[in-house]
Amino acid sequence: GAGVSQSPSNKVTEKGKDVELRCDPISGHTALYWYRQSLGQGLEFLIYFQGNSAPDKSGLPSDRFSAERTGGSVSTLTIQRTQQEDSAVYLCASSLASGQIYEQYFGPGTRLTVT
Amino acid sequence: SQQGEEDPQALSIQEGENATMNCSYKTSINNLQWYRQNSGRGLVHLILIRSNEREKHSGRLRVTLDTSKKSSSLLITASRAADTASYFCATVLTGANSKLTFGKGITLSVRP
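Below is a summary of the structure that appears in this document. (Residues numbered from 1 in each chain as written. Chains lettered and ligands numbered in written order. Predicted model: local features only at pLDDT ≥ 70, side-chain atom pairs only at ≥ 80, totals over all residues. Heavy atoms only, no water.)

**A few points about the state of the cysteines**
Here, the word disulfide means a covalent bond between the sulfur atoms of two cysteines. For the structure on display, the rule yields 2 disulfides over all chains. Each sulfur in the disulfide pair Cys-23 of chain A and Cys-92 of chain A lies 1.8 Å from the other. The sign of the S-S torsion, about -65°, decides the handedness of the disulfide formed by Cys-23 of chain A and Cys-92 of chain A: left-handed. Of this pair, Cys-23 of chain A sits in strand E3 (residues 19-24) while Cys-92 of chain A sits in strand E9 (residues 88-95), and the two are 69 residues apart along the sequence. In this pair, the class of Cys-23 of chain A matches that of Cys-92 of chain A, namely buried. The side chain of Cys-23 of chain B participates in a disulfide bridge whose partner is Cys-89 of chain B; the two sulfur atoms lie 2.0 Å from each other. Of note, the bridge from Cys-23 of chain B to Cys-89 of chain B carries an S-S torsion of about 65° and is right-handed in sense. Of this pair, Cys-23 of chain B sits in strand E3 (residues 19-24) while Cys-89 of chain B sits in strand E9 (residues 85-93), and the two are 66 residues apart along the sequence. The burial state of Cys-23 of chain B is the same as that of Cys-89 of chain B; both residues are buried. (Disulfide = S-S within 2.5 Å. Helix = DSSP H or I, 4+ residues; strand = E, 2+ residues; numbered from the N terminus. Buried < 20%, exposed > 50% of the residue type's maximum accessible area, 1.4 Å probe, protein only.)

**Points about the nonpolar core**
Within the largest apolar cluster, 23 residues are counted, with the highest numbers of intra-cluster contacts made by Met-21, Leu-32, Trp-34, Leu-74, Ile-76, Tyr-87 and Leu-108 of chain B. Put simply, the parts of the chain that give this core at least two residues each are strand E2 (10-14), E3, strand E4 (29-37), strand E5 (43-50), strand E7 (61-66), strand E8 (71-76), E9 and strand E11 (106-111) of chain B. Excluding residues that lie within four positions of it along the chain, Leu-32 of chain B makes contacts with Cys-23, Tyr-25, Ile-47, Leu-48, Ile-49, Leu-65, Ser-72, Cys-89, Ala-90 and Thr-91 of chain B. Listed in part, the 19 residues of the second largest apolar core include Leu-21, Cys-23, Phe-49 and Ile-79 of chain A. (Core = buried A, V, L, I, M, F, W, Y, C linked by side-chain atoms within 4.5 Å. Contact = heavy atoms within 4.5 Å.)

**Looking at the interface of chain B and chain A**
Opposite the 24 residues of chain B that make contact, chain A presents 26 residues. When residues of chain B are sorted by the area they lose upon contact with chain A, Arg-41, Ser-98 and Lys-99 of chain B head the list and together hold 30% of the total. Counting every contact that joins chain B to chain A gives 1 salt bridge. With its nearest N and O atoms 3.1 Å apart, the salt bridge here joins Asp-56 of chain A to Lys-99 of chain B. The interface formed by chain B and chain A holds 7 residue pairs in polar contact (both at pLDDT 80 or more) in total. Contributions of two or more residues to the side of chain B that touches chain A are made by E4, E5 and E9 of chain B. If you tally residues by element for the side of chain B that touches chain A, the top one is E4 of chain B, at 5 residues. Among the residues forming the side of chain B that touches chain A, the class breakdown is 9 nonpolar, 12 polar and 3 charged. (Buried area = accessible area lost by both parts, 1.4 Å probe. Salt bridge = Lys/Arg side-chain N within 4 Å of Asp/Glu carboxyl O. Polar contact = N/O pair within 3.5 Å; in protein donor to acceptor, adjacent residues only side chain to side chain. Nonpolar A, V, L, I, M, F, W, Y, C, P; charged D, E, K, R; others polar.)

The values reported here are purely geometric and, on their own, carry no functional implication.
Right under this line is the structure:
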């Protein structure tokens, strides 16, 4: 397929609700990354997958955040008991492999608003 | 935490002029990359320069890297209105995995 796709493109949720964000990487890309972009914190790394394993989840802000990847393809980022500070654009990226020189291709992002 | 710091934070130029954006970083890197973002959504990869390279070109883009000063510059020549966007430098740290650490970004406005 084309590029990285993410759904939904926009999500408005009430504080305390759980949300799931989805990322479809480019077919054949083994590495997948989640980043978050907010006004206060800029662009931050959250977690990365190599295949279905997450060797680095150091950027997840709290235990309310979790992510999984299945079949080496689709990934979901779940935020439980959302808080207003979770409002941000969540960006997913994929790359052919996880080596340091591989270009990352970004999806359009999911804009999350917690009211 | 931010690894890269770009300057200026905002830049406004006339179409046809050159735009120069700078990025400084703090720790040893494997490579440095520049990305463009339109309208606050998806990022587009522009160019990657490795730590053992000093200069790279891609079309109207020229990137330099000075590892002794821990700095990089992105030059866009003959700018166009369509170049209006936010530009970010991102580093991949030496010995780390491939995650990107971004700077805060530069807003470039190109006036027609």
